[in-house]
Amino acid sequence: MEDLNQHAASVKYKNKEAKKKFLQSLIGLKLNVPEHWWIDSRGNKLWKCVVESINLDDEYRRYFIIKCTDVAFPEDRHTMSYKDIRKYADMKQDGIVLFDIYDVLFDPYQINEM
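Residues numbered from 1 in each chain as written. Predicted model: local features only at pLDDT ≥ 70, side-chain atom pairs only at ≥ 80, totals over all residues. Heavy atoms only, no water.

On to the side chain of Ser-81, then. Along the chain, the position of Ser-81 falls in the loop between β4 (77-80) and α2 (82-88). Leave out the neighbours within four places in its chain, and Ser-81 touches Arg-61, Arg-62 and Phe-64. (Helix = DSSP H or I, 4+ residues; strand = E, 2+ residues; numbered from the N terminus. Contact = heavy atoms within 4.5 Å.)

Listed below in C-alpha cells is the structure:
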C-alpha cells in the first residue's frame, strides 16, 4: 500500500509540473482583444496584447496577466482566463498551437491544488 501511495503522489506531482510548464509556455503569446472585452467598454477595435505572466493563485481562475502593447495604455495589466486566451490568440503568429487544456491536462476545478 505504501508503494501505491508513493506512486500516486509522484504522478500528481508530475501532472502539476506539466500543467505549470504548459501555462508558462504561453507567456509571450500575442493576443487581439476586442474593446468590448473590458468592463464598461463597447466597440470592436482589436487591442494588441501579450501574455506577460501567470498567477496560479487567482481565486477567479484568471491565471494569465496580459498587457496591452498599444501605446495608449502601456502600463495597464489585466487578468484573463484560458478560455479567453484561446479565443483571442493571434493565430497568425509563428509556432502557435492551442488546444483544450481542460480536457487534456486537468479538471479546471482542481487547478488551485497546484
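In the Ramachandran plot, Arg-61 falls in the positive-phi region, its phi being about 65° despite a non-glycine side chain. With respect to the element layout, Arg-61 can be found in the loop between β2 (46-54) and β3 (64-68).

Working definition: the strands of a sheet are paired by backbone hydrogen bonds and lie parallel or antiparallel to each other. With antiparallel pairing, four strands are arranged side by side in an open sheet as β1-β2-β3-β4. This sheet does not close on itself; its edge strands, each paired only once, are β1 (30-34) and β4. Strand-to-strand, the axes of this sheet are offset by a mean angle of 45°, without reference to chain direction. In this sheet, β4 lies alongside β3 in antiparallel orientation, the contact comprising four bridges. The partner of Ile-66 across the bridge, within β4, is His-78. (Pairing = 2+ DSSP bridges. Axes fitted to C-alpha atoms, helices over the stretch in contact; angles between N-to-C directions.)

Aromatic ring pairs are described here by two measures, namely the spacing of the ring centres and the angle between the planes. This structure, assessed with the given rule, holds two aromatic pairs. Measuring from ring centre to ring centre gives 6.2 Å for Phe-64 and Tyr-82, while their planes differ by 40°; the resulting arrangement is tilted. Placement of the pair is Phe-64 in strand β3 and Tyr-82 in helix α2, with a sequence separation of 18 residues. Residues Phe-64 and Tyr-82 agree in their burial class; the two are buried. A connected cluster of aromatic rings, assembled from ring pairs, spans Phe-22, Phe-64 and Tyr-82. (Phe/Tyr/Trp six-rings, centres within 6.5 Å; stacked < 30°, edge-to-face > 60°. Buried < 20%, exposed > 50% of the residue type's maximum accessible area, 1.4 Å probe, protein only.)

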